[in-house]
Amino acid sequence: MAGMRRLELSEALHLGPGWRHACHALLYAPDPGLLFGRIPLRYAVLMQMRFDGRLGFPGGFVDLRDGSLEDGLNRELGEELGEAAGAFRVERADYRSSHAGSRPRVVAHFYTKLLTLEQLTAVEMGAPRARDHGLEVGPAQDPTPPPPAPEGLSQLYPRVVGVWVLGLVRVPLYTLRDGVGGLPAFLENTFIGNAREQLLEAVQNLGLLEPGSFARLKISAPP
């Protein structure tokens, strides 16, 4: 992950007051469905399409003075994904990795949470009704300042502190016969920060792909 170094969680939590912490989560669930009646979907994996056309994961900045990393992450998920996020809780056992960059001084913590397909579908259906849907997805993966509230809405949203999000998308975990369609094509999108590498590491380590398929993927270097 270019420009970022991997840290142990204990080290990341002792970086000092000059560092900001961000937590993001990959939500996934077993999916027995078949594409075209023959291609196993295997798992449903959620990502977010941001205002800038980049893909990322739900979550955002957390303040350790208000509780643990997981407390902050679960608050962010509730604000971004709505009431359906209350049916589960991301715990320390779901933690995967931490990466830090020197400019800005942000350390990004990554989690993966296994849900039931019913829970994940409820998140998809409920997200458009969430308090912050269309308003905020944590800017921790991107150091650029958030955009201003839309013209005419500054009175309604005087404290927009995130970036605009366009909605949830499912990651296609299959590869079509041409070797390009599906996951290889999805990976050609632009991802914020190290979200692409986090996705690839998670699907490989969690065994979400068909056995042996990861090694056959035609994956280009990140743009």
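Residues numbered from 1 in each chain as written. Predicted model: local features only at pLDDT ≥ 70, side-chain atom pairs only at ≥ 80, totals over all residues. Heavy atoms only, no water.

(A) Just the pairing of strand β2 (residues 20–35), in detail. One ladder, built from nine bridges, connects β2 with strand β7 (residues 106–114); its direction is parallel. From the neighbouring strand, Arg 20 faces β7, where its bridge partner is Val 106. With six bridges connecting them, β2 and strand β3 (residues 39–50) associate as antiparallel partners. Of the residues in β3, the one forming a bridge with Tyr 28 is Val 45. (Pairing = 2+ DSSP bridges. Helix = DSSP H or I, 4+ residues; strand = E, 2+ residues; numbered from the N terminus.)

(B) Structural view of the packing of aromatic side chains. Tallying each qualifying case throughout the model produces four aromatic pairs. Seen in terms of ring centroids, Tyr 28 and Tyr 43 are 6.0 Å apart; in terms of plane orientation they differ by 55°. Their pairing is tilted. Note that Tyr 28 is positioned in strand β2 and Tyr 43 in strand β3, a separation of 15 residues in sequence. By relative accessible area, Tyr 43 is classed as partly exposed at 22%. Measuring from ring centre to ring centre gives 5.7 Å for Tyr 95 and Tyr 111, while their planes differ by 75°; the resulting arrangement is edge-to-face. Of this pair, Tyr 95 sits in strand β6 (residues 95–101) while Tyr 111 sits in strand β7, placing them 16 residues apart in sequence. Just as Tyr 95 is buried, Tyr 111 falls in that class too. (Phe/Tyr/Trp six-rings, centres within 6.5 Å; stacked < 30°, edge-to-face > 60°. Buried < 20%, exposed > 50% of the residue type's maximum accessible area, 1.4 Å probe, protein only.)

(C) Inspection of the side chain of Ser 98 at higher detail. Tracing the backbone through its elements, the reader meets Ser 98 in strand β6. In this structure the side chain of Ser 98 is engaged in a polar contact, spanning 2.7 Å, whose partner is the side chain of Tyr 95. The residues contacting Ser 98, other than those within four sequence positions of it, are Arg 5, Arg 6, Leu 7, Leu 9, Ala 12, Val 107, Ala 108 and His 109. (Polar contact = N/O pair within 3.5 Å; in protein donor to acceptor, adjacent residues only side chain to side chain. Contact = heavy atoms within 4.5 Å.)

(D) Expanded view of the nonpolar core. In this structure, Leu 26, Val 45, Met 47, Val 171, Phe 186, Phe 191 and Leu 199 are the most contacted members of the largest nonpolar core, which totals 22 residues. Per-element accounting of this core gives the leading share, five residues, to helix α5 (residues 195–205). Excluding residues within four positions of it along the chain, Val 171 makes contact with Val 45, Met 47, Leu 183, Phe 186 and Leu 199. With 21 residues, the next largest nonpolar core counts Leu 81, Val 90, Tyr 111 and Leu 120 among its residues. (Core = buried A, V, L, I, M, F, W, Y, C linked by side-chain atoms within 4.5 Å.)

(E) Just helix α3 (residues 117–126), in detail. Every buried residue of α3 is listed here: Leu 120, Val 123 and Gly 126. Along the axis of α3, the buried positions cluster into a sector of 135°, meaning they face one direction only. Seen from the open side of α3, the exposed residues pointing more than 90 degrees away from its buried face are Glu 118 and Met 125. (Arc of directions from axis to C-beta.)

(F) Spatial organisation of the side chain of His 21. Residue position: His 21 is located in strand β2. Not counting chain neighbours up to four residues away, the residues in contact with His 21 comprise Ala 12, Leu 13, Gly 60, Phe 61, Val 62, Leu 64, Leu 69, Val 107 and His 109.

(G) Local environment of the confidence of the model for the protein chain. Put simply, the protein chain has an average pLDDT of 83, and 80% of its residues get 70 or more. Residue range residues 136–161 is modelled with pLDDT below 50. Its contacts to residues more than four positions away, or to other chains, number 55 contacts. (pLDDT = per-residue confidence, 0-100.)

(H) Structural context of the pattern of salt bridges. Summed over the entire model, instances satisfying the criterion amount to eleven salt bridges. The residue Arg 89 makes a salt bridge to Glu 91 at a minimum N-O spacing of 3.3 Å. For the salt bridge of Lys 113 with Asp 94, the shortest nitrogen-to-oxygen distance reads 3.4 Å. On the criterion of sequence distance, the pair formed by Lys 113 in strand β7 and Asp 94 in the loop between α2 (69–81) and β6 is long-range, its members being 19 residues apart. Neither residue differs from the other here; Lys 113 and Asp 94 are each classed as buried. Several salt bridges share partner residues, and in doing so they unite Asp 31, Glu 124 and Arg 170 into one network. (Salt bridge = Lys/Arg side-chain N within 4 Å of Asp/Glu carboxyl O.)

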